[in-house]
Protein chains: 2
Amino acid sequence: MTKVKMVRNVLEKNDKLAEQIREMGDNSKTVLFNMMGTPGAGKTTLLESIIPALKEDYKMGVVEGDVATANDADRIAALDVATAQVNTDRFGGTCHLGSEMVKPALEKINYDQLDIVIIENIGNLICPAHFDIGAHYNIAVVSITEGVDKPAKYPLMFRNSKLAILNKIDLLEHLNIDIEEMVAGIKQINPDIDILKMSALQPNDGIALNKWIKKRGRRK
Amino acid sequence: MTKVKMVRNVLEKNDKLAEQIREMGDNSKTVLFNMMGTPGAGKTTLLESIIPALKEDYKMGVVEGDVATANDADRIAALDVATAQVNTDRFGGTCHLGSEMVKPALEKINYDQLDIVIIENIGNLICPAHFDIGAHYNIAVVSITEGVDKPAKYPLMFRNSKLAILNKIDLLEHLNIDIEEMVAGIKQINPDIDILKMSALQPNDGIALNKWIKKRGRRK
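Residues numbered from 1 in each chain as written. Chains lettered and ligands numbered in written order. Predicted model: local features only at pLDDT ≥ 70, side-chain atom pairs only at ≥ 80, totals over all residues. Heavy atoms only, no water.

Visitor: Explanation requested: the interface of chain A and chain B in the structure shown.
Guide: Often, the extent of an interface is quoted as the loss of accessible area upon association of its parts. Counting residues at the interface gives 35 residues for chain A, matched by 35 residues for chain B. Interface area, chain A with chain B, both sides summed: about 2,700 Å², of which 62% is carbon and sulfur. Across the contact surface, chain A and chain B share four salt bridges. The shortest N-O distance in the salt bridge between Asp72 of chain A and Lys153 of chain B comes to 2.6 Å. In this structure, the connection of chain A to chain B is made through eleven residue pairs in polar contact (both at pLDDT 80 or more). At the level of secondary structure, the elements contributing two or more residues to the side of chain A that touches chain B comprise helix H1 (3-27), helix H3 (71-77), strand S4 (116-123) and helix H5 (150-153) of chain A. Taken together, the residues of the side of chain A that touches chain B sort by class into 15 nonpolar, eleven polar and nine charged. (Contact = heavy atoms within 4.5 Å. Buried area = accessible area lost by both parts, 1.4 Å probe. Salt bridge = Lys/Arg side-chain N within 4 Å of Asp/Glu carboxyl O. Polar contact = N/O pair within 3.5 Å; in protein donor to acceptor, adjacent residues only side chain to side chain. Helix = DSSP H or I, 4+ residues; strand = E, 2+ residues; numbered from the N terminus. Nonpolar A, V, L, I, M, F, W, Y, C, P; charged D, E, K, R; others polar.)

Visitor: Got a minute to help me understand the nonpolar core in this structure?
Guide: The nonpolar side chains of soluble globular proteins are, as a tendency, buried together. Within the largest apolar cluster, 87 residues are counted, with the highest numbers of intra-cluster contacts made by Val117 of chain A together with Val117 of chain B. In contact with Val117 of chain A, other than residues within four places in its own chain, are Thr30, Val31, Leu32, Phe33, Gly61, Val63, Leu106, Ile109 and Tyr111 of chain A. (Core = buried A, V, L, I, M, F, W, Y, C linked by side-chain atoms within 4.5 Å. Buried < 20%, exposed > 50% of the residue type's maximum accessible area, 1.4 Å probe, protein only.)

Visitor: Explanation requested: the state of the cysteines in the structure shown.
Guide: By definition, a disulfide links the sulfur atoms of two cysteine residues through a covalent bond. Residue and element names in this part refer to chain A. A complete count under the given rule lists two disulfides over all chains for this structure. One disulfide bridge connects Cys95 with Cys127, the sulfur atoms lying 2.3 Å from each other. What sets the handedness of the Cys95 and Cys127 disulfide is the S-S torsion sign, and at about -100° it is left-handed. Here the residue Cys95 occupies a position in the loop between strand S3 (82-87) and helix H4 (99-108), and Cys127 occupies one in the loop between S4 and strand S5 (137-143), the gap between them amounting to 32 residues. Using a relative accessible area of 11% as the deciding quantity, one classes Cys95 as buried. What makes Cys127 buried here is its relative accessible area of 4%. (Disulfide = S-S within 2.5 Å.)

Visitor: Could you clarify how one ought to interpret the sheet that holds strand S6 (residues 163-167) of chain A in this entry?
Guide: In a beta sheet, neighbouring strands pair by backbone hydrogen bonds and run either parallel or antiparallel. All names here are of chain A. Across the sheet, seven strands lie side by side as S3-S2-S4-S1-S5-S6-S7; this open sheet has parallel pairing. One side of each edge strand has no neighbouring strand; the edge strands of this open sheet are S3 and strand S7 (194-197). Pairwise comparison of adjacent strand axes, ignoring direction, gives a mean angle of 20° for this sheet. Alignment of S6 against S7, held across four bridges, turns out to be parallel. From the neighbouring strand, Leu163 faces S7, where its bridge partner is Asp194. (Pairing = 2+ DSSP bridges. Axes fitted to C-alpha atoms, helices over the stretch in contact; angles between N-to-C directions.)

Geometry only, nothing functional implied.
This is the structure in structure tokens:
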């Protein structure tokens, strides 16, 4: 069997299970979000900034993906929401979550009782974009400190997402970059994508993101 | 054939070719460096900051790895050093360079005529650490803006490297982090690793990195 064929088989199996996961969500009226982005883009801090307000309105849960450690799941569980950690070192240290890892994690937090589940994928700008994990909405997170050329260099994640978050906007004044160049680069790849410029560390900046998520959530 | 076995076969083939590449370098007295790190950690800017001085002393070349675009290779070629671009979108958009991509790139820049070749791997904190590409020395680059917990969360790259560069140190005063926590985290994973705190944008900061590389280079 060729390498290409092997990879295709793995992807097909993954995507089939992803479709099942999405149907599970549809059946229980649970909306699934897949948050992807670079390591250190601020994904967990973003979640910490929006969960307190989100959980007032929705029953919510979080699945935390990491190669190693339960650091992020511990931070989220401290906010008193249903949390499951997936460590991919059990799966060969893979650089992305796969459907076969997500399904048991969703079951562990009784996803069917929840309105919204946010899955924080492995910190990686490439691999997660290749693997459908059954989410209804993909969100791409980058930090503006990474440079404005990242979308063009890693296009797939932005092509497959409904929302791009440009995080750490509070550092803009210390960087020698044109943020609008980053916005234009993303729009060139995906004209329909929504874009939020924000800082997870600025309390009010989470409001727009919360609004974006709430608009797509369904209360039971 | 199981998935694990398939992956093992791919890795074995890669590692065997990597060993050949390292021998090729030994035979021609060409020292190969593999620079790995997150997207936007500043790898290309680091290279831009050290190449002008390095090429005074050594015949050098660069292999640029990216999923898409030749942005980085264009930046390096402008410094008048032998440069080859590898785009992995031809290889299914893989998240790492593999030996089979590196070998033709080295041949393209006539590596055997060079003293030093720096291979800039795909921007990714996970995958490149899994793939030996035949370098004599691995270098891991992170930006301090990514947070101090990254080494613990992505340990393999730091375990497999001889040098860790903590880049963008000029932003330290604007971040609420303890940089020594990051240093300790790396040392815990790999006590023998060298660590350089620097900013690729500060002209004098490249001197220590140049010294580190020069110490390992061999002039023909």
